[in-house]
Amino acid sequence: MANLAHWDEGGRPYGSSIAYANYPSRINDGIKDFSGNTNNDTAWSSASEKLPQWAAVVFRRPASVNRIAVYWGRVGDWATSRRFRVECWTQKGWKRVAALQRSEPERMTEAAFDPVTCEAVRLHQGVGNGPEATPDRMCVAELEAHGAFIHGPEVDHLRIRDALREEWEGNYREMRRPITREVLARIDRKARPKSLTGPIGRAEMEKARRNITSTQWAKSLSEKIIADANWWMEKDDGFIYDMIPPENPRAISPSYERGCPIHGGGRRCMRTNTALPYRWQCAEGGEWWYNGAKVRNPATGQLVEVRDDGDGWTSPPGFANPGTTYHFQSAWRYYVLSKLFFHPYEQTIPSDDAYTGGTAITQLAHAYAITGDERYAHKAGVMLNRLAEVYRFYNGTVDEQRPLTRGYLVQVSWEEWPIHDCLAAYDLIAEVMLRDRTLLDFFRSKGDCDYNGDGKVNFEDLRHNIHHNLFGYMCEWLHRAMSIQTGDYIVREGLVLAAVGAMLDNRELVEEAIDGPFGLATNLTNNTFRDGKWWYDSPGYSVGCITGMSLERMFSARQLNLLNDRRLRTREAVEFARNVDCDGRLPGIGDTGGGDSRIKVLNPFVPCRHEEFAHLHTGDRAYLARHLALSGGDVDRIRDRYADWMLLFHGEAGRDLTGATGGVALTPQAGGTVAGPDVAFGDAPGWGYIKDVSRAACEGTWSATWRIGNEDRTGIRLTMLGDRGREIITGRGEGYGFFGKSPLDAYVLARSPAKGETTVYVAVLEPFQGHPFIRSVEPLTVSGGVGAKVCVDGRTDYLFRKTEEVLACASEIDGRRVEFDAAFARITLHDSGKRELHLIQGSYLKFGEEVLQGPAIPRGRVEAVHLTDDSLTVSLSSGEGLAEGDLIVFRNPACICNSSAGVKTVERLDANRLKVGLSLSLNLSEGVVQSVEGDAFTSDTCMTKLKVCPGLFDGKAVYVNGVRRGVLKTATEGRFAFADPSAGAGLKAGDRFLVCDLDVGDEVEGMRSADLTLPQVCG
Ligand SMILES: [Zn+2]
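Since this is a predicted model, take the numbers as computed values, not measurements. By convention here, each chain's residues receive numbers from 1 onward along its written sequence. Owing to the predicted nature of the model, reporting of local features is limited to residues with pLDDT of at least 70; listing and counting of side-chain atom pairs is limited to 80 or more, with chain, interface and lining totals taken over all residues. The basis for every side-chain value is the complete set of non-hydrogen atoms in the structure, without hydrogens or water.

K.L.:
Please set out the overall build of the protein chain residue by residue, giving values where relevant.
P.N.:
Going along the chain from the N terminus, every DSSP run of H or I of four or more residues is numbered as a helix, and every run of E of two or more is numbered as a strand. A tally of regular secondary structure across the protein chain gives 19 helices and 46 strands. Buried residues are those whose accessible area, probed at 1.4 Å on protein chains only, stays under 20% of the maximum for their type, while exposed residues exceed 50% and partly exposed ones sit between those limits. Counting across all 1019 residues of the protein chain, residues that qualify as buried make up 57%. Should any heavy atoms of two residues lie within 4.5 Å, those residues are counted as being in contact. Within the protein chain, counting contacts between residues at least 6 apart in sequence, those at least 24 apart form 65% of the total. For the protein chain, the exposed area adds up to about 42700 Å²; of that, 50% sits on carbon and sulfur atoms. Accessible surface is estimated by sampling points in the Shrake-Rupley manner with a 1.4 Å probe; for residues, cover comes only from the protein chains shown.

K.L.:
Tell me about the nonpolar core, and please be specific about residues and values.
P.N.:
Grouped together as the largest cluster of nonpolar side chains are 142 residues, with contacts concentrated most on Trp232, Trp289, Phe341, Met383 and Phe953. What we call a nonpolar core is a set of buried Ala, Val, Leu, Ile, Met, Phe, Trp, Tyr and Cys residues that are connected through their side-chain atoms within 4.5 Å. With 29 residues, the next largest nonpolar core counts Val57, Val70, Val116 and Val140 among its residues.

K.L.:
Got a sec to walk through the side chain of Thr274? Specific residues and values, please.
P.N.:
Position of Thr274 relative to the elements: it lies in the loop between β10 (270–272) and β11 (280–282). Not counting the four nearest positions on each side in its chain, Thr274 is found in contact with Met243, Trp332, Tyr335, Val336, Lys339, Ala354 and Tyr355.

K.L.:
Which residues make up the sheet that holds strand β38 (residues 923–928), and what values go with them?
P.N.:
Note on pairing: two strands pair once DSSP finds at least 2 bridges between them. Sheet architecture is open: seven strands sit in the order β38-β44-β41-β42-β43-β40-β39, paired in antiparallel fashion. Every interior strand has two partners, whereas the edge strands, β38 and β39 (931–933), have only one. Across this sheet, the average inter-strand angle for adjacent strands is 35°, counted without regard to direction. Two strands pair when backbone bridges link them, and β38 and strand β44 (residues 992–996) are joined in this way by five bridges, in the antiparallel orientation. The residue bridging Glu926 from the neighbouring strand is Leu994, located in β44. Orientation is described by axes fitted as lines to C-alpha atoms, over the contacting stretch for helices, and by angles from 0 to 180 degrees between their N-to-C directions.

K.L.:
Any details on the confidence of the model for the protein chain? Residues and values, ideally.
P.N.:
pLDDT is a residue-level measure of predictor confidence that goes from 0 to 100. For the protein chain, the mean per-residue pLDDT works out to 85, and 87% of the residues sit at or above 70. Mean pLDDT values over the elements of the protein chain span from 46, in helix α17 (residues 610–618), up to 98, in helix α7 (residues 374–390). Note on residues 592–620: pLDDT is under 50 here. Beyond four places in sequence and across chains, it has 93 contacts. Confidence drops under pLDDT 50 across residues 637–658; counting only partners more than four residues distant or on other chains, this segment forms 60 contacts.

K.L.:
Can you break down the packing of helix α8 (residues 416–433) against helix α11 (residues 489–503) residue by residue, with the values?
P.N.:
Helix-helix packing: each pair is described by the crossing angle between the helix axes and the interaxial distance. Two elements in contact, α8 and α11, have axes separated by 10 Å at closest approach and are oriented at 20°. Viewed along their axes, α8 and α11 adopt a mutual orientation that is roughly parallel. Seen along the crossing, α8 lies across α11 with a hand that is left-handed. Across the interface between the two elements, Glu416, Ile419, His420, Leu423, Tyr426 and Asp427 from α8 touch Arg492, Glu493, Val496, Ala499, Val500 and Met503 from α11. Across the contact of α8 with α11, the residue classes break down as seven nonpolar, one polar and four charged. Any angle from 65 to 115 degrees is called roughly perpendicular, while one under 35 is roughly parallel, one over 145 is roughly antiparallel, and all others are oblique. Crossings are sorted by hand: turned counterclockwise from the far helix by less than a right angle, the near helix makes the crossing left-handed, and turned clockwise it makes it right-handed. Three classes are used, and their members are as follows: Ala, Val, Leu, Ile, Met, Phe, Trp, Tyr, Cys and Pro are nonpolar, Asp, Glu, Lys and Arg are charged, and the others, Gly among them, are polar.

This is the structure in structure tokens:
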């Protein structure tokens, strides 16, 4: 008997939800045989959520059905649902025809029943009845329905689709109802007595006006803002109103992962504009895509009609990725909304009759701030109030695999964009908007606008609509998302929630954002390392966590003074960003994040002094001084030309970086990546993102050169000394950007077989302009250490490093003996006869007759720790003391690694004791005690950095209410065991604990160096 559900029979598939790109089109595509686990080409998978799930197929014509067969997906084992029922859509809606239970996974489940006349079938799985391993998920490779079509009109599939949608919405809302109610109450408890408390206040408005009259960069920027805003001034209110649809913006691009149905690609390969309703043009082939479009099947040459009723069009065989669903209809709504309230993923086709400018709500609000012309505020008011009417009925996009964190407008991590843009705009225009009679009359003409339901229509309705219906539901999302996530976006969500709270003068929101269980204090203290690095491996996301957008959002809540809250590690994070951010070009492989590191130097509204801003951007005073010197004291002057020597390493022409190794015969690897010849590009993190691999065994010295642009331009050469068993690997890896689309950079890797505990790599990095200048690099024989001889024009450098625990290292230069006891030593012999001796952290360096004595190294121990001001009492046993600017290394054998910190202040207490203020926070992590079990306690506070770095807190001291309780023997995420069993006594659930970076008894060592220059040739 025929399978009536099959795609070829005209069956239309619908799923309750979608896990990423596992579209429902897989339910009836005929693919039920596959090897290994299912993927998005073979099975539909629901999201994992505490909701009923279903897979349904609507028939082309009514049918009599008497049997179904379901082929399950496979994730390790068969993903057989443990309990589900079979339902048929009849005149009276869904009718149950079978209920099944399966205790063991099986490939296929069949159910036979008395013939039912129906228009659709579905498998319905109740909450938590999925496969054992993933009870909240449903995963179906194929649903077959057997029987025969009967005579009758074509089935109205839209009616059944809408019923399914409504059912899902009902379930979803019901599940969220309690929390939604609570969040809305929080918003409603506070009206908004203050104004201009967002990113731009009165002072900034005045400053912008001054900037515009006195500087060119501000003038051109404001001209752009006004031009964008003026486009809207020519449109009537109804036009703007109609641009904001009541229907859901269901996809962020036609296909986020697979681009064009013919030409492939990813997001950003389709374009449209606001005047081309529901139409998309492929950026590659120029062909048009929309519901009703006729496109040519690239394999057969036949014309195919694109049908998209709002659920997307699924490409048939012959196209680039057959079976993929493309959302032309609903992605266009997303495009328009994003032009208005944030920014779209896809490109804009230039046209005068379309809005092609920057974020409309922002441009209008800024135009009002610049000019004081209330007509701009009015247009922004139309946009905001209309959005407030429909916002809560949206439910985000299919691009999010976890519907519980799904935004209203956007997929999960980006909802904070429109929230920020709306709050910043509303803050500026609220004064005008809430007394705008024309605005109220306009919305009254559109329908019921007694938003608060008190029987009257007045300005209080506008306020209620914006506060309750817009920001209330925005906060509902923030609240929901923050409680589930640990990614970098949780930081931005916390910052935006704080900004909403500050804008509405709502302390409850601010407290949740900062001190709540998922707030900024927890996240930035526990998920950021002591030097300001976010817990991800990726430097790009680490930088993205703090710079650019994050700072902008911190400024949004500027009266909260978040920048100075020590727990948030802002200073450290900015400094970390500065250290790895080479002017926005971060070293990275694969999806490491764009970094968003370009702080908006051009933004005239940045609400701090320019000098302060430059300081923030760079993190240190020397840099600020350079900025001021460079600009002649006027940072504004260089705002639009900001760039410097950091470009050297990661220059603009990133895709032109070519690496070449010298003197090594490389053998190309047949396919694959550095992760292995059988690991395809992009399949494994890290090494799986370096392809075009060549390898060579290389025990001698080798070098590699990278250049930016042509031979006259800048480059860097790496020369590495050889070692036994060394292997050199070259390849090309993705830089920043999107997988498959980002520029490829040239990589060289050096590997040595593990021998004992350490491997030594000796290399010289040589930045140059035009041509390299080092003539040679040779190894030196050093007992107790390693060394290299580097020859350049006019001089030779001999560089030494102690690597073994010996009293003295020895070597030889031209028959003269070298001896040293130091971490690093350098001897430079100039052709002129001048000689230089230099040592770091050591007692002496001897060269022939010459002796350089090292200064006494300050050594001692920590006597007391002062958490309140991040300072220590240190007693010194040797050396001449410590000074501001010194670097200290702290050692404690119980800890997995040393700590180091800069000295900020020094106060002498007596002959040997100092009070030393440190540059870093002593607070490693904070949490709440959940339970106490003998010598250990548990905590469910999020501490991701401990999870990714086991042992990080071992040997560290724990404080409760400022009192030291004892040292941790071992700490894993969730469980903390004291070394001293009695330390847990008296500890109780609910106590707030702090893990301290340093402890009494830690060894202290200050860093010291010495040098000596001798003008004559000796002997
Ligand atoms: Zn195309």
